[in-house]
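The residues making up each chain are set out below.
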Amino acid sequence: MDQKIKWVTNQMLANQEKTAINFLSCQEINKVRQFHKSFPEYSPTPLCQLKELAGYLGVAGVYVKDESYRFGLKAFKVLGGSFAIAKYLAQRLGKESSELDYARLASPEIRQQLGEITFTTATDGNHGRGVAWTANRLQQKSVVYMPKGSSLARLENIRAEGAEASITNLNYDDAVRLATENAKKYGWVVVQDTAWEGYEEIPTWIMQGYGTMVLEAWEQMQAAGVEKPTHVFVQAGVGSLAGAVQGFFASACKGDCPITVIVESDQADCLYTAALANDGKPRIVSGDLTTIMAGLACGEPNTIAWNVLRDYSYMFASCPDWVAAKGMRLLGNPLGKDARVISGESGAVTAGLVAELMTNPDMAEAKAKLGLNEKSKVLLFSTEGDTDPVKYRSITWNGEYSVPAR
């Protein structure tokens with residue numbers, strides 16, 4: 001198996017007509033955050049400034065948004081699912097979502113008006129847990145399908161939120177199809193963070209939901225005296241998170257957008273493959289998609305997100321599992337007085353990649369293309385904590401997926 005990091009700069013940026021990103025503007029995301037603020041569990045997650053690591057790597061700053069604190073669920077995904085469900089319910093009630101905060105949605109009066117609704121989704125764990133948590137809070141039902149090889153710990157976390165959940169013998173994309181087919185059969189509502197023709201409204205709302213995290217990070221950087229990052233590294237499965245991050249910064253920073261790198265598992269690198277093809281069209285990667293980065297094990301991109309990434313992102317990278325493992329160990333064992341960040345397999349791959357770019361001679365060309373140097377201020381999103389504690393210990397304690405010899 002190839003253990004090298006692959007990368008390609010985006011040759012499609014010269015396209016004259018770029019896809020609209022106004023749905024991810026500061027104004028729109030501020031509305032989203034107002035909804036999230038209505039949950040009693042809401043508080044901004046930490047933005048950790050890793051000064052010692054920045055000095056070691058030779059950059060001006062490394063800033064890591066630590067989503068292991070989000071709503072007590074150890075992952076950012078609940079931001080998307082909760083906002084999408086709120087928007088859907090508001091639509092059903094003929095109201096604006098701004099009229100329906102959490103307390104109103106959870107009230108007996110609204111529950112009586114809506115009746116019983118079942119929300120369904122396919123997930124590796126974090127998204128499904130967020131959908132189940134939200135449905136449970138609103139006295140509704142949820143059915144969650146997980147792809148083969150999914151973590152039993154993540155399955156039990158979803159069931160603990162009241163969902164009917166199971167691990168299938170399908171890969172992620174086929175599990176999405178199963179959820180969609182059963183929704184049609186039983187009258188359920190699909191809450192999926194990927195889009196396809198005819199299913200675009202809810203994925204758009206999910207992307208907006210993720211914007212709360214990005215807006216928090218931007219404001220936290222400004223509070224630390226940094227107007228904006230020079231570089232943003234963001235991981236991608238279907239690309240919804242990456243599209244939300246990219247769209248927000250492209251909108252907020254207009255013509256002076258940070259240099260953005262989209263990072264995937266090499267076993268599910270549909271966005272990298274599409275960038276390599278350089279014809280503007282999305283690509284599909286099939287097979288078992290076996291990677292420790294379970295949250296990124298998606299072979300079919302969100303078409304809405306792909307359009308944003310195609311038109312605004314600077315580089316796409318495809319990383320073997322050891323890069324994620326390195327990032328987990330790096331963040332979990334900080335230098336000096338740096339904060340410790342407990343980052344799961346899908347949360348840490350960007351940290352591993354930045355470390356390789358700054359220290360591995362084999363990555364010198366990519367580093368030069370990105371203009372990474374002593375003035376760079378790098379923003380990363382650690383999107384999950386140890387949501388699979390057994391796997392986390394196996395990697396960080398026992399050295400599973402070690403860096404290959406150079």
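Going by the structure above, here's the rest.
No experiment lies behind these values; they were computed from the predicted model shown.

Caption draft 1: Expanded view of the pattern of salt bridges. With the rule as written, the count across this model stands at 22 salt bridges. Measuring nitrogen to oxygen at the nearest pair gives 3.6 Å for the salt bridge that ties lysine 141 to glutamate 116. Here glutamate 116 lies in the loop between α5 (108-114) and β4 (118-122) and lysine 141 lies in strand β5 (residues 141-146), a separation of 25 residues in the sequence. The salt bridge involving lysine 148 is made with aspartate 288; its shortest N-O contact spans 3.0 Å. Placement of the pair is lysine 148 in the loop between β5 and α7 (152-159) and aspartate 288 in the loop between α11 (270-277) and α12 (303-312), with a sequence separation of 140 residues. The class of lysine 148 is partly exposed, set by a relative accessible area of 41%. One network of salt bridges, in which partners are shared, links Lys65, Glu67, Arg70 and Glu216.

Caption draft 2: Main features of the side chain of glutamine 192. Counting through the fold element by element, glutamine 192 comes out in the loop between β7 (189-190) and α9 (201-223). A relative accessible area of 0% places glutamine 192 in the buried class. Of note is the side chain of glutamine 192, whose polar atom sits 3.1 Å from the side chain of tyrosine 172. Discounting residues that sit within four places of it in the chain, glutamine 192 has contacts with Thr121, Ala122, His127, Tyr172, Val176, Tyr199, Ile202, Pro203 and Ile206.

Caption draft 3: Structural detail: the pairing of β4. Across the five residues of β4, five count as buried, placing the element largely inside the fold. What you see with β4 is no split at all: Thr118, Thr120 and Ala122 on one side and Phe119 and Thr121 on the other are buried throughout. Relative to β5, β4 is paired through five bridges, and the arrangement is parallel. Bridging across to β5, threonine 118 finds its partner in lysine 141. For the crossover that starts at β4, traverses helix α6 (residues 126-137) and ends in the parallel β5, the hand is right-handed.

Caption draft 4: View of the sheet that holds β4. Strand order in this open sheet of four strands is β6-β5-β4-β7, and the pairing throughout is parallel. Here the strands that pair on one side only, and so sit at the sheet edges, are β6 (164-167) and β7. Docked against the sheet, α7 engages β5 and β6, running at close to 165° with respect to β6.

Caption draft 5: Representation of the nonpolar core within the structure. Residues Leu89, Phe119, Phe249, Phe316 and Leu379 are the most contacted members of the largest nonpolar core, which totals 81 residues. By residue number, the principal contributor to this core is α9, which donates 11 residues. Apart from the residues lying within four places of it in its own chain, the contact partners of leucine 379 are Leu47, Tyr63, Ala217, Met221, Pro229, His231, Val232, Phe233 and Phe249. Membership of the second largest hydrophobic core comes to 42 residues, among which are Phe233, Leu296, Ala366 and Val378.

Caption draft 6: Examining helix α1 (residues 26-37) more closely. For α1, which comprises 12 residues, the first-to-last C-alpha distance of 16 Å matches the rise-based estimate of 16 Å (1.5 Å per residue) to within 8%. All buried positions along α1 are accounted for by Ile29, Val32, Arg33, Phe35 and His36. The arc that holds every buried residue of α1, seen down its axis, measures 155°, which confines them to one face.

Caption draft 7: Focus on α6. Between its first and last C-alpha, α6 extends 17 Å over 12 residues, near the 16 Å set by a 1.5 Å rise per residue. Judged by how many residues are buried, α6 sits mostly within the fold: 10 of 12 residues are covered. Among the residues of α6, Asn126, His127, Gly128, Arg129, Gly130, Val131, Ala132, Trp133, Thr134 and Ala135 are the ones counted as buried. Contact partners of the buried residues in α6: α3 (78-93), β4, β5, α7 and α9. The positive-phi residue at the C-terminal boundary of α6 is glutamine 139, with phi of around 60°.

Caption draft 8: Region of interest: the state of the cysteines. Per the counting criterion, the structure on display carries zero disulfides. Free of any disulfide, cysteine 26 has its nearest cysteine sulfur in cysteine 253, 8.1 Å distant. Judged by relative accessible area, cysteine 26 falls into the partly exposed class, the value being 24%.

Caption draft 9: Examining the packing of α1 against α3 more closely. Put simply, α1 and α3 touch, their axes get as near as 11 Å, and they point 95° apart. What the angle tells us is that α1 and α3 run roughly perpendicular. Taking contact as the criterion, the partners of Val32, Phe35 and His36 in α1 are, on α3, Leu79, Ser82, Phe83 and Ala86. Here the residues of the contact of α1 with α3 are counted per class, giving five nonpolar, two polar and no charged.

Caption draft 10: Structural view of the packing of aromatic side chains. Throughout the structure, instances matching the rule amount to 13 aromatic pairs. Each ring, one from phenylalanine 39 and one from phenylalanine 71, has its centre 5.5 Å from the other, and the planes form 45°; the classification is tilted. Of the two residues, phenylalanine 39 is situated in the loop between α1 and β2 (47-49) and phenylalanine 71 in the loop between β3 (61-66) and α3; the sequence distance between them amounts to 32 residues. The residues phenylalanine 39 and phenylalanine 71 share a single accessibility class, namely buried. Between the aromatic rings of phenylalanine 71 and tryptophan 133, the centroid separation amounts to 5.4 Å while the plane-to-plane angle is 45°, which identifies the pairing as tilted. Here tryptophan 133 lies in helix α6 and phenylalanine 71 lies in the loop between β3 and α3, a separation of 62 residues in the sequence. For the pair formed by phenylalanine 71 and tryptophan 133, the shared burial category is buried. Stacked on the ring of tyrosine 312, the Lys or Arg lysine 18 has its end atom at 5.5 Å from the ring centre.

What counts and how
Residues numbered from 1 in each chain as written. Predicted model: local features only at pLDDT ≥ 70, side-chain atom pairs only at ≥ 80, totals over all residues. Heavy atoms only, no water. Salt bridge = Lys/Arg side-chain N within 4 Å of Asp/Glu carboxyl O. Helix = DSSP H or I, 4+ residues; strand = E, 2+ residues; numbered from the N terminus. Buried < 20%, exposed > 50% of the residue type's maximum accessible area, 1.4 Å probe, protein only. Polar contact = N/O pair within 3.5 Å; in protein donor to acceptor, adjacent residues only side chain to side chain. Contact = heavy atoms within 4.5 Å. Pairing = 2+ DSSP bridges. Right-handed = clockwise from strand over helix to strand, strands pointing away. Axes fitted to C-alpha atoms, helices over the stretch in contact; angles between N-to-C directions. Core = buried A, V, L, I, M, F, W, Y, C linked by side-chain atoms within 4.5 Å. Expected span 1.5 Å × (residues − 1). Arc of directions from axis to C-beta. Disulfide = S-S within 2.5 Å. Parallel < 35°, antiparallel > 145°, perpendicular 65-115°, else oblique. Nonpolar A, V, L, I, M, F, W, Y, C, P; charged D, E, K, R; others polar. Phe/Tyr/Trp six-rings, centres within 6.5 Å; stacked < 30°, edge-to-face > 60°. Lys NZ or Arg CZ within 6 Å of the ring centre and 35° of its normal.

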